[in-house]
Amino acid sequence: MEKEIRILCLLLALLHFQVDCSWGFPSSSHLCLPDQKSALLEFKSTISIDDDYCEVYPRTNSWDRSIDCCSWEGVSCNNVTGRVIGINLSESCLRGSILANNSLFHLHHLQWLDLSSNWLDGSLLQNSSLFHLHELQRLNLAHNHFNGPISSEFFSRFVSLTHLNLSSSGFSADFIPHQISLLSNLVSLDLSIDDFSGLMRVAAQGFDMLARNLTKLRTLVLDYVDMSGVSVTSFLNLTSSLEHLSLGFCQLHGEFPSEVFGFPYLQHIDLDGNKNLTGYLPETNLSSALKLLDLSGCGFRGSIPISFGNLTQIISIDLYGNSFEGQIPNVFGSLNKLTSLTFSSCNFSGQLPTTLFNLTKITQLDLSHNQLSGELPAVFNLTQISHLDLSYNQLKGSLPNRVSELQLLEVFCSSNNLVSGRVPSWLFTLPSLQKLDLSYNKLTGPIDRIQRPNSVQDVDLSYNNIHGAVPDSFFDLVGISLLNLSSNNLSGVIKSDMLLKLRSLKQLDLSKNSLLSLSTSDNDGNYSFLELEIVSLSSCSITQFPNFFRTSGLKSLDLSNNNISGGISKWEAEGWEQLTMLNLSYNSLTTLEQFPGMKLEVLDLHSNMLQGPILSTCLNLQLQNPPQFLKAFFISENKLTGNIPSFICNWSLLMVLDLSKNSLSGTIPECLGYFSSSLEVMNLQMNNFSGKIPDSFTNDRLRSLLLDANQLDGPLPKTLANCSSLGILNLGNNKLIDTFPHWIASLPGLQVLVLGFNRLHGPLPNSIAPSEFSALRIIDLSRNEFSGPLPTQFFQNLRAMKDLPSKPLELPRFEIYIHRSTYHSGDQYDFYYQTSVKVRTKRSEIELVKTLAIFIAMDISSNHFSGQIPEELGQLIFLQMLNFSRNNFSGPIPSSLGNLAALESLDLSSNKLGGRIPSHLTNLTFLEALNLSENNLVGPIPQANQFGTFDNDSYSGNLGLCGFPLSKQCGNPEGPKPTPPKFKEDEGSGIAFIWKLVMMGYGCGWVLGLSIGYIVFTTGRPWWFVRMVETDFQRTVTRWIRRNQRRRN
């Protein structure tokens, strides 16, 4: 009996072993059941193969009725029962719908099903037939085109699932059903999507239940799922056995719990793109198992902890765009597996750690956009590096004369630093280099001769001090597609035959090298740049159109600021048929015999010598066939005459029309008020147009309308009230006759209003809603016939003049998209249009161009206003220029004007003002021009601060005034004592500091300073100085105003 029992046990063990082996090893015998084969073949018949996009061999092509189905590709069977237990048809080019009666659902013993990366559709997760697959453990439907919501029943039925991947499958869920927490056996869950489509959302309660119940979870991927309602503290409820956590672009907010970084098995954590997510990296307990850490695009703060040095398994770190601080710690010595490190835009400062450059496996290193300083690091020892970006820092020093280790370097960017010295030739011999960007540095000297040219594609050496000729060997870099040598001091002549060697050239920029020129020959027309699309030769010494571009298929050409004269002939414009942008401004062109291209989007001909009727000079060839794509047309500052041709109204895509500063005449065509729904700027100023302004405006995108300095008459067009985006309206210096345009109050974004030098009359409106005129920053009503008192409500509404502006005046902008045929995408170019407005200040007229965006002024001079100047005027604390001269104002000067801390020019002359000059005006420490002449003022002139700098002309015609600078002494023989200012400046005050600097240079530098200042701010050059002064001025005044408001309160 015992023997029989042993034999029976042996037989059972062998049977068990056979069953076990049947799962792991293929059997030589195939047991495909007929119903299983039929179900699979029926499924195959319901879907198709997308041959158009298929780059792989479709697995279903091996499904042949004559062959056992268990041997078909993508099919797995139980070798004992013959039942199909697994189907893997991922990336099989399948297209079609999976309906409720699909034969797949007859395979009731399926344990895994993978249909990912196909073009399948249908509402599969609402299909009750799917629920027959009750043994299913793994389901992957990722990257398909399914539709419909995920039903709660789906999660209730498949409680045995261990792996679920619905990534980018097309399913939607206003809120993912909380029944997902029933899948307690899940090891891997991926519900991510590709974008912000909002197809998936997770509720706070649902995620909290998921985190608490899915205790076996090792992988959780929810990228782009809307988790904005989830509390970040819920992540503390996730199992500490988690290995992979990916929550990119989930709209998370709040402070992320640092304890999550300490989960002991965590290998991958990705929080990319949650811009409102803050937090700190833990000082200790960082998971030593981490292989990937991605916090890019978040708002983490603090410093990099020393515990970073314990991440010995780490492969990739990306901290781009966070708000860290301090130095990068010197803790990278043990991170021997690190291959990618991105610390870009992290606010790091100080010296670079030396251990960072001992990482022998590093292939990508990005330290750009920080405040790192010191000498260029020893990056040239990183033998495996392929991408190196050190740009936008404060690194200095020179590049080494010889380097041989960087054999794998493909991208080297060190722009916007302080790198000096020569450009070494070894850069152009690195065998793998594709992109080199050393722009905006301090490189000098000529470019060295290149011995063994490499295959580099993009070279940018712009904005340096490189001088001398471009060596001939440079043109042996025949693989170059982008070459930018602009804004240097290069000289000599570039011969066309040398340039023609760069057959792969797509973009060429040699602009702003005033000593550099091109030479051409008669044979140049026989050659062409087949790839060349973008060329900028601005500010070179070019005297004629380069003829070797004639057959190149250019899309963008900039020849501005050269010495090209004459006209554009048909021969010269040959090859320009594909141009989308052409800039010929600042030359000496006189005629256009040929309109340059029918695909143009931007045509800039301003500041030339074009003369004669506009039709025959520029547009004679366009009467029958106007350009269809023109978005911007600049032809200002020429000598054109004649009428505006009506066919301009056929340019339906036009965004900017600038015909200003010519001698054009006639009436403005009625169609200009409505011809283009895209029009943002219409500039017709400084011409000889006459007649009425068209009353046909319908465009709600118009932002700047400039018609000043013409001969226009009649009333103001009321249809301008339809232009709800209007920000700048300049109708000054015409012959308009009307009352104040009440309808202007309906323009919510109006910031500049110029109506001066017209024949407008009547009072300003008394009944004003609180929101009206709130955005105005420049008001010019001067030299009209307005009358009556000034309404106090008007000044109370001018919030842009009394509150800190949230942002400068937004200048009109338009975008041009230039398609590059050799790439899937294109290049997008942004253009900012500079609008100018003339104002009278400091006894002279200046044209605001670059400073228009921050200037705040009010001019109501030369009218018939009467009554007292309202005290409310003193609330406009950001005013820089105020002119109330030549009116009939009476009463005292309001003491509240002493609150106008930013005021630079004040003119109250030629009124009937009486009383004393308020001592509070001495608070105006930025005041440079003061005119109180021709009034009835009496008493002593205040002597503090700026009042010691004004001359007699500021006070003439006031017989009752006395004291310096007048010769008339006051009653006190000792002279008037200086009036104490209202406030005492702090020793560390910005204004006090500025004033000390002014006084230090006052004696010998006053005239020179004013002259230089006038030139700088009227020409806008140098731009960096203007920007620096404008920014610092606003910050200083703002701090002063806030500090004194607190003191008064």
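These figures come from a predicted structure and were not determined experimentally.

Asks: Honestly, the overall build of the chain in this entry has me stumped. Any pointers?
Replies: Counting secondary structure elements, the chain contains 11 helices and 69 strands. Looking at the chain as a whole, 53% of its 1049 residues qualify as buried. Pairs at least 24 residues apart make up 57% of the contacts formed inside the chain by residues separated by at least 6 positions. Summed over its atoms, the accessible surface of the chain is roughly 45400 Å², and 50% of this surface lies on carbon and sulfur atoms.

Asks: Is there a simple way to think about the nonpolar core in this case?
Replies: Nonpolar side chains in soluble globular proteins generally cluster together in the buried interior. Ranked by internal contacts, the top residues of the largest apolar core, which has 267 residues, are Phe154, Met227, Phe308, Phe474, Met858 and Phe884. Counting residues per element, this core draws most heavily on helix H2 (residues 34-46), which supplies 4 residues. Among residues more than four places away in sequence, those in contact with Phe474 are Phe428, Ile447, Ile450, Val459, Ile480, Leu483 and Leu485. Core analysis: the second largest hydrophobic core is formed by 8 residues, Val754, Phe855, Ala857 and Met881 among them.

Asks: Looking at this structure, I do not really get the environment of Ser246. What am I missing?
Replies: Its place among the elements puts Ser246 in strand E12 (residues 244-246). Spatially, the C-alpha atom of Ser246 lies 9.2 Å from that of Asp190, the residues being 56 residues apart in sequence. With residues up to four places along the chain from it excluded, the contact list for Ser246 reads Leu220, Val221, Leu222, Asp223 and Asp270.

Asks: So what exactly am I meant to see when it comes to helix H4 (residues 204-213) here?
Replies: In an α-helix, one full turn covers 3.6 residues, which means residues spaced three or four apart are oriented alike. Buried residues of H4: Gly206, Phe207, Leu210 and Ala211, and no others. Taken around the axis of H4, the buried residues stretch over an arc of 130 degrees, which confines them to a single face. Buried positions along H4 lie against strand E10 (188-190) and strand E11 (219-221).

Asks: Whenever I open this one, the packing of aromatic side chains confuses me. Can you help?
Replies: The description of an aromatic ring pair uses the distance of the two centres, along with the angle that the planes make with each other. For the structure on display, the rule yields 25 aromatic pairs. Centre to centre, the rings of Phe43 and Trp63 are 6.5 Å apart; their planes meet at 50 degrees, and the pair counts as tilted. With Phe43 in helix H2 and Trp63 in the loop between strand E1 (48-49) and strand E2 (75-77), this residue pair connects regions lying 20 residues apart in the sequence. Under the relative-accessibility criterion, Phe43 is labelled buried at 0%. When the ring of Phe474 is compared with that of Phe475, the centres are 6.3 Å apart and the planes differ by 80 degrees; the resulting orientation is edge-to-face. Residue Phe474 is classed as buried on the basis of its relative accessible area of 0%. Clustering of aromatic rings is evident, with ring pairs tying together Phe740, Phe773, Phe786, Phe794, Phe795, Phe865, Phe884 and Phe889. Directly above the aromatic system of Phe175 lies the positively charged group of Arg201, at a separation of 4.3 Å from the ring centroid.

Asks: Explain the pattern of salt bridges to me, please; I cannot follow it from the model alone.
Replies: Between side chains of opposite charge, a pair can form when the charged atoms approach closely. In the structure shown here, the tally under the stated rule is 9 salt bridges. In this structure, the salt-bridge partner of Lys501 is Asp476, at a minimum N-O distance of 2.6 Å. Taken as a pair, Lys501 in the loop between helix H5 (496-499) and strand E34 (507-509) and Asp476 in the loop between strand E31 (467-468) and strand E32 (482-484) lie far apart in primary sequence, 25 residues in all. Residue Asp476 is classed as partly exposed on the basis of its relative accessible area of 32%.

Asks: Help me understand the pairing of strand E62 (residues 864-868) in this model?
Replies: The side chains of a regular strand alternate, first on one face of the sheet and then on the other. Alignment of strand E56 (residues 785-788) against E62, held across 2 bridges, turns out to be parallel. Residue pairing across strands places Ser787 opposite His864, the latter belonging to E62. Here E62 runs beside strand E64 (residues 888-892); their pairing, made up of 3 bridges, is parallel. Across the sheet, the residue bridging to Gln868 is Ser890, located in E64.

Asks: Is there a simple way to think about the sheet that holds E56 in this case?
Replies: As a general point, the strands of a sheet are linked pairwise by backbone hydrogen bonds and lie either parallel or antiparallel. Taking strand neighbours across the sheet as the criterion, the 7 strands line up as E54-E56-E62-E64-E66-E68-E69 in an open arrangement whose pairing is parallel. Both edges of this open sheet fall to strand E54 (761-762) and strand E69 (960-962), since each of them pairs with a single strand only.

Asks: Even after reading the chapter, I still don't get the pairing of strand E46 (residues 663-666), so can you show me in this structure?
Replies: Of the two faces of E46, the one holding Leu664 and Gly666 is buried and the one holding Ser663 and Ser665 is not buried anywhere. The pairing of strand E44 (residues 639-642) with E46 spans 2 bridges and is classified as parallel. Of the residues in E46, the one forming a bridge with Thr641 is Ser663.

Asks: Is there a simple way to explain the sheet that holds strand E8 (residues 145-146) in this structure?
Replies: The strand order E1-E4-E6-E8 describes an open sheet built from 4 strands, whose pairing is mixed. Each having just a single partner strand, E1 and E8 make up the two edges of the open sheet. Bridge analysis of strand E6 (residues 119-122) against E8 gives 2 bridges, and the strand direction is parallel. Across the sheet, the residue bridging to Asp121 is His145, located in E8.

Asks: Looking at this model, I keep getting lost on the state of the cysteines. Mind explaining?
Replies: By definition, a disulfide links the sulfur atoms of two cysteines through a covalent bond. Applying the stated criterion to the full structure yields 5 disulfides. Here Cys649 connects covalently by a disulfide to Cys671, the sulfurs 1.6 Å from one another. One quick way to see it: the torsion about the S-S bond of Cys649 and Cys671 is about 55 degrees, and its sign makes the bridge right-handed. Residue Cys649 is located in the loop between E44 and strand E45 (656-658), and its partner Cys671 is located in the loop between E46 and strand E47 (681-683); the two are separated by 22 residues in the primary sequence. A sulfur-sulfur distance of 2.0 Å marks the disulfide that ties Cys962 to Cys970. Where Cys962 bonds to Cys970 through sulfur, the torsion about that S-S bond is close to 100 degrees, and the disulfide is right-handed. For Cys970, a relative accessible area of 14% puts it in the buried group.

Asks: Could you clarify how one ought to interpret unusual backbone geometry in this entry?
Replies: Peptide bonds are trans in most cases, and residues, glycine excluded, mostly fall at negative phi. In this structure, Pro965 follows Phe964 across a cis peptide bond, with omega equal to 15 degrees. Assignment of secondary structure puts Pro965 in the loop between E69 and helix H9 (990-1000). The phi dihedral of Tyr440 is positive, around 55 degrees, even though this residue is not glycine. For Tyr440, a relative accessible area of 38% corresponds to the partly exposed category. Phi is positive for Lys512, close to 60 degrees, though the residue is something other than glycine. Within the secondary structure, Lys512 sits in the loop between E34 and strand E35 (515-519). By relative accessible area, which is 44% here, Lys512 ends up partly exposed.

Asks: Explanation requested: H2 in the structure shown.
Replies: Given a rise of 1.5 Å per residue, 13 residues ought to cover 18 Å, and the 19 Å separating the end C-alpha atoms of H2 matches this to within 8%. Among the residues of H2, Gln36, Lys37, Ala39, Leu40, Leu41 and Phe43 are the ones counted as buried. Residues of H2 that are buried in the fold lie against E2 and strand E3 (84-88).

Asks: Sorry if this is basic, but what is going on with the environment of Phe146 here?
Replies: The residue Phe146 is located in strand E8 in this model. Take Phe146: its relative accessible area is 2%, and that puts it in the buried class. Along the chain, Phe146 and Ser168 lie 22 residues apart, while their C-alpha atoms are 9.2 Å from each other. Sequence-distant contacts of Phe146, defined by excluding residues within four places in its chain, comprise Ile98, Leu120, Asp121, Gly122, Leu124, Leu141, Ser169, Gly170 and Phe171.

Asks: How do you make sense of the confidence of the model for the chain when you look at a structure like this?
Replies: Low pLDDT marks regions whose predicted coordinates should not be analysed in detail. Model confidence for the chain is summarised by a mean pLDDT of 83, while 82% of its residues fall at 70 or above. Ignoring residues within four places in sequence, the model shows residues 11-29, a span with pLDDT below 50, making 10 contacts including any to other chains. Note on residues 973-1049: pLDDT is under 50 here. Beyond four places in sequence and across chains, it has 75 contacts.

Criteria and cut-off values
Residues numbered from 1 in each chain as written. Predicted model: local features only at pLDDT ≥ 70, side-chain atom pairs only at ≥ 80, totals over all residues. Heavy atoms only, no water. Helix = DSSP H or I, 4+ residues; strand = E, 2+ residues; numbered from the N terminus. Buried < 20%, exposed > 50% of the residue type's maximum accessible area, 1.4 Å probe, protein only. Contact = heavy atoms within 4.5 Å. Areas by Shrake-Rupley, 256 points an atom, 1.4 Å probe, with all protein chains shown as cover. Core = buried A, V, L, I, M, F, W, Y, C linked by side-chain atoms within 4.5 Å. Arc of directions from axis to C-beta. Phe/Tyr/Trp six-rings, centres within 6.5 Å; stacked < 30°, edge-to-face > 60°. Lys NZ or Arg CZ within 6 Å of the ring centre and 35° of its normal. Salt bridge = Lys/Arg side-chain N within 4 Å of Asp/Glu carboxyl O. Pairing = 2+ DSSP bridges. Disulfide = S-S within 2.5 Å. Expected span 1.5 Å × (residues − 1). pLDDT = per-residue confidence, 0-100.

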